[in-house]
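# Report on the structure
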Amino acid sequence: MVRFLKKGVTLTFDDGWQDNYTNAFPVLKQLGIKATIFIVPSVIGTHSVKALAEGEGPRMHLSREEILEMSRHGIEFGSHSMNHRLLHELSPVEVKFEVEQAKQEIEELTQKPCLTFAYPAGYFSDNAKTIIKAAGHTAAFSTTYGPTDELDLYALNRTEILRRDRFLFQFRKKVESLRSNRRR
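### Structural notes on the overall build of the chain
Tallying secondary structure elements over the chain gives five helices and eight strands in all. In sequence order, the secondary structure elements of the chain are arranged as β-β-α-β-β-β-α-β-α-β-α-β-α. A buried classification covers 43% of the 184 residues belonging to the chain.

### Looking at helix H1 (residues 19-31)
With 13 residues, H1 extends 18 Å from end C-alpha to end C-alpha; this agrees with the ideal 18 Å at 1.5 Å per step. By the largest-angle criterion, Phe25 marks the main kink of H1, which is about 45°, and a proline, Pro26, follows within four residues. Among the residues of H1, those classed as buried are Asn20, Ala24, Phe25 and Leu28.

### Some points on the packing of H1 against helix H2 (residues 64-72)
In contact at an axis separation of 11 Å, H1 and H2 are set at 10° when each is read in the N-to-C sense. Relative to H2, the element H1 is oriented roughly parallel. When you trace H1 past H2, the crossing you get is left-handed. Across the interface between the two elements, Asn20, Tyr21, Phe25 and Lys29 of H1 pack against Glu66, Glu69 and Met70 of H2. Among the residues making up the contact of H1 with H2, the classes are represented as three nonpolar, one polar and three charged.

### Focus: the environment of Ser48
Note that Ser48 resides in strand S4 (residues 47-48). We classify Ser48 as buried; its relative accessible area is 8%. For the pair formed by Ser48 and Trp17, sequence separation is 31 residues and the distance between their alpha carbons is 9.6 Å. When residues no more than four places from it in sequence are discounted, the contact partners of Ser48 are Trp17, Val43, Pro58, Arg59 and His61. One polar contact links the side chain of Ser48 to the main-chain amide nitrogen of Lys50, over a distance of 2.9 Å.

### Description of the environment of His47
Of note, His47 is situated in strand S4. Separated by 15 residues in the primary sequence, His47 and Leu62 place their C-alpha atoms 9.5 Å from one another. With near-sequence residues (within four places) excluded, His47 lies in contact with Pro58, Arg59 and Met60.

### Here we look at the side chain of Glu66
For Glu66, the position within the fold is in helix H2. One buried charged residue, Glu66, forms no salt bridge at all, with the nearest opposite charge on Arg64 at 11 Å. When near neighbours in sequence (up to four residues on either side) are disregarded, Glu66 contacts Gln18, Tyr21 and His61.

### Remarks on helix H3 (residues 92-110)
Turn by turn, an α-helix covers 3.6 residues, leaving residues three or four places apart pointing in a common direction. In this model H3 runs 27 Å from its N-terminal to its C-terminal C-alpha over 19 residues, within 8% of the 27 Å that 1.5 Å per residue would give. All of the buried residues along H3 are Val95, Glu98, Val99, Ala102, Lys103, Ile106, Leu109 and Thr110. Buried residues in H3, looked at end-on, bunch into an arc of 140°, giving them a common side. In H3, the exposed residues that point more than 90 degrees away from the buried face are Val93 and Glu108. Where H3 is buried, its residues contact strand S3 (36-39), H2, strand S6 (76-79), strand S7 (116-118) and helix H4 (126-134). Trailing H3 by a residue or two, Gln111 shows a phi angle of about 60°, which is positive.

### As for the pattern of salt bridges
A complete count under the given rule lists seven salt bridges for this structure. With a shortest N-O distance of 3.9 Å, Lys129 and Asp126 are connected by a salt bridge. Separated by three residues within a single helix, Lys129 and Asp126 lie in helix H4, roughly one turn from each other. Residue Lys129 is classed as buried on the basis of its relative accessible area of 17%. When salt bridges with common partners are traced through the structure, they connect Asp126, Lys129 and Asp152 into a single cluster.

About the cut-offs
- Residues numbered from 1 in each chain as written.
- Predicted model: local features only at pLDDT ≥ 70, side-chain atom pairs only at ≥ 80, totals over all residues.
- Heavy atoms only, no water.
- Helix = DSSP H or I, 4+ residues; strand = E, 2+ residues; numbered from the N terminus.
- Buried < 20%, exposed > 50% of the residue type's maximum accessible area, 1.4 Å probe, protein only.
- Expected span 1.5 Å × (residues − 1).
- Bend = angle between axes of the 7 residues up to and from the residue.
- Axes fitted to C-alpha atoms, helices over the stretch in contact; angles between N-to-C directions.
- Parallel < 35°, antiparallel > 145°, perpendicular 65-115°, else oblique.
- Left-handed = near helix turned anticlockwise from the far one by under 90°.
- Contact = heavy atoms within 4.5 Å.
- Nonpolar A, V, L, I, M, F, W, Y, C, P; charged D, E, K, R; others polar.
- Polar contact = N/O pair within 3.5 Å; in protein donor to acceptor, adjacent residues only side chain to side chain.
- Lys, Arg positive; Asp, Glu negative; His and termini not counted.
- Salt bridge = Lys/Arg side-chain N within 4 Å of Asp/Glu carboxyl O.
- Arc of directions from axis to C-beta.

Next up, the structure:
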């Protein structure tokens, strides 16, 4: 995910896939770039389909050791909920569990505050925003479902860079459209 700031870009990665460690981390470390990885604590160190589109096979998630190494090198770990459930479909009690349990487990693992949250699949509700804020998160990220005419720290938009955007011309087109939208 990419989000343009006034003088920079924020890099975020959702789901905590092991390829964040094998592919992205060496480059980030070499270039001294910080990033945030939103993880799903219930699948740390396992093969899972929880965060995948229907029909995709299981993929490996980051291990505890990989998360700790990356954290020591300045990678921030945020929450992507406990089980990657779509929060807008859950009861307030279920949302509270998904948010609070994930935050607690991430903080216990990294021994650092877990301050940011990314909504699974980008979907959220006013109820989820309230619970996330009450849990102590300072911001929450969507994909393209938040407001565009005002700043809402609990519905921050991001632009998805997906596997299909791996070719330079596709990536460039997506990033250039962000710049032109930002100038308006």
